[in-house]
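Here are the chains, one letter per residue:
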Amino acid sequence: MRVIIAGGGIAGLSAALSLHAAGITDVLVTEAAEEIKPLGVGINLLPHAVRELTELGLGERIARIGVATGELAYFNHLGQLIWSEPRGIGAGYRWAQYSVHRGRLQHLLLDAVHERLGRAAVRTGHRLTRFTTTADGVVADFGGERLAADLLIAADGIRSTVRAQLYPDEPGPLWNGLVLWRGITKGVPYRGGQSMIMAGDGERKFVAYPISAPDEHGQVEINWVAERPLAHSAAGRGNWNQRIPVDEFLPHFADWKFDWLDVAGTIRDAQQAYEYPMVDRDPLPRWTHGRVTLIGDAAHPMYPIGSNGASQAVLDARVLSDALARIGDPERACEHYEAQRRPPTAATLLANRGMGPELVIKLANERAPEGFTDIEQILPLSERTEIAARYKRIAGFDPKLLNERASYGTTIG
């Protein structure tokens, strides 16, 4: 079976590795960029994605480039603790949760593809312009170079060329009025050095987590995200690499300084910041059209809430590859994959629009906008626990269900 994957990001490279593990080795990954560079900032890999990558033989490599997240904690704008819970192994999972630099993870996956499938399996400078289906396959056009395959997997992101051809009348990415500013700052570890924190006041929000081990000076790379509504046009929708001076948004967080973290100072000390309007797209009625199917952000771009974007892409890759190996026929396999993955990702996408587990910040602010002396009086533990557990069930990483379910596919090691 000849498979072309459009897109050399986390989704596309995970798909190539998953196909290889499933015994499908005639695979070509095409990437529009002339060179795959370690760009971007931090992301989280949740235990359900770490399980899949571990089964692909990458667990130890990921542990070397990431920080095992031990805690997720929510605070109000005064730095008062609303809710915290253990994460990864400490939460009862058989697999860790990792905070990693997106670019380093992408290069880790790229190196593994080169090792297992050969360097010729990835072609950069190949931008897919359109595709044509045939009686027994698909032909992908890369600006005049036409390549035939039995299956085309679209892993080409939120502005997917394949998705646009399948749904030409669909509007562009949908903006909810919020803008994210992201950056990485060298700083002193806080709350033990393995904590992912989220703080907010109902309008502004700040997220931070370490993505490196301490250096010789005891400092770590702190990945951070600042967020608030903004009235200006969201012209940069879908562009993660749009740079912006920190002085343009720092005043919104100038008074945020907690006993355990100087938010304003963390933002100010970043070497570079990126602006990204919070966008997603509505769930699609179909991903699979004959021998063409979508994965990752091409299929279900969602708000960066709940740390789920990259993780869901990894699950897509594993489920699709397993279906292709077991069923054989590409069309039937893709339909099976879609039946397994489209409903839960649509539910996660919609849950993220409802703030996902971050709902506790909104509720705490609504009930105690000036702060509180006892969180139990305004947001009982039972309510906080259910909000967190409900999101885990929707997104597919409930500890018991994840630990007990069968593997999605062939394992290595």
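About the criteria used
- Residues numbered from 1 in each chain as written.
- Predicted model: local features only at pLDDT ≥ 70, side-chain atom pairs only at ≥ 80, totals over all residues.
- Heavy atoms only, no water.
- Helix = DSSP H or I, 4+ residues; strand = E, 2+ residues; numbered from the N terminus.
- Expected span 1.5 Å × (residues − 1).
- Bend = angle between axes of the 7 residues up to and from the residue.
- Buried < 20%, exposed > 50% of the residue type's maximum accessible area, 1.4 Å probe, protein only.
- Contact = heavy atoms within 4.5 Å.
- Axes fitted to C-alpha atoms, helices over the stretch in contact; angles between N-to-C directions.
- Nonpolar A, V, L, I, M, F, W, Y, C, P; charged D, E, K, R; others polar.
- Core = buried A, V, L, I, M, F, W, Y, C linked by side-chain atoms within 4.5 Å.
- Pairing = 2+ DSSP bridges.
- Phe/Tyr/Trp six-rings, centres within 6.5 Å; stacked < 30°, edge-to-face > 60°.

1. Description of helix α8 (residues 330-353)
Here α8 is 24 residues long and its end C-alpha atoms lie 33 Å apart, about the 34 Å a rise of 1.5 Å per residue gives. The sharpest bend along α8 reaches about 30° and sits at Arg 341, with the proline Pro 343 one to four residues further on. Every buried residue belonging to α8 is among Pro 330, Ala 333, Cys 334, Tyr 337, Glu 338, Arg 341, Thr 345, Ala 346, Thr 348, Leu 349, Ala 351 and Asn 352, and all of these are buried. Buried-residue contacts for α8 involve β12 (151-154), β17 (273-280), β18 (292-294), α7 (309-327) and α11 (381-395).

2. Here we look at the packing of α8 against α11
For the pair α8 and α11, interaxial distance at closest approach is 8 Å and the crossing angle is 145°. Note on element contacts: α11 touches α8 through Tyr 391, Ile 394 and Ala 395, opposite Pro 344, Ala 347, Thr 348, Ala 351 and Asn 352. Of the residues assigned to the contact of α8 with α11, the class counts are six nonpolar, two polar and no charged.

3. Some words on the environment of Leu 72
Mapping Leu 72 onto the fold places it in strand β5 (residues 71-76). In this structure the C-alpha to C-alpha distance between Leu 72 and Leu 58, which are 14 residues apart in sequence, comes to 24 Å. Leave out the neighbours within four places in its chain, and Leu 72 touches Trp 83, Ser 84, Glu 85, Arg 87, Met 196 and Met 198.

4. Considerations on the nonpolar core
Counting 79 residues, the largest nonpolar core has Ile 5, Leu 58, Leu 109, Leu 152, Val 162 and Leu 294 as its most contacted members. It is α7 that contributes the most residues to this core, nine residues altogether. Apart from residues no more than four positions distant in its own chain, Leu 294 is found in contact with Ala 154, Ser 160, Val 162, Arg 163, Leu 166, Leu 284, Trp 287, Ala 299 and Tyr 337. Membership of the second largest hydrophobic core comes to 59 residues, among which are Leu 178, Trp 181, Phe 249 and Phe 258.

5. Quick look at the pairing of strand β6 (residues 81-86)
Bridging between β5 and β6 involves five bridges; their strand directions are antiparallel. The partner of Tyr 74 across the bridge, within β6, is Trp 83.

6. Concerning the packing of aromatic side chains
Enumeration according to the criterion identifies 10 aromatic pairs in this entry. Measuring from centroid to centroid gives 6.2 Å for Tyr 190 and Trp 260, while their planes differ by 40°, and the two rings are tilted. Highlighted residues: Tyr 190 in the loop between β13 (174-187) and β14 (195-200) and Trp 260 in the loop between β16 (220-229) and α6 (263-268), separated in sequence by 70 residues. Seen from their ring centres, Phe 258 and Trp 260 are 5.2 Å apart, and the 40° between their planes marks the pair as tilted. For Trp 260, a relative accessible area of 21% puts it in the partly exposed group. Grouping aromatic residues by their ring pairs yields a cluster made of Phe 75, Tyr 190, Phe 253, Trp 256, Phe 258 and Trp 260.

7. With respect to the environment of Arg 390
Mapped onto the secondary structure, Arg 390 falls in helix α11. Arg 390 sits in the partly exposed class, given a relative accessible area of 35%. Through-space distance from the C-alpha of Arg 390 to that of Gly 356 is 8.8 Å; in sequence the pair is 34 residues apart.

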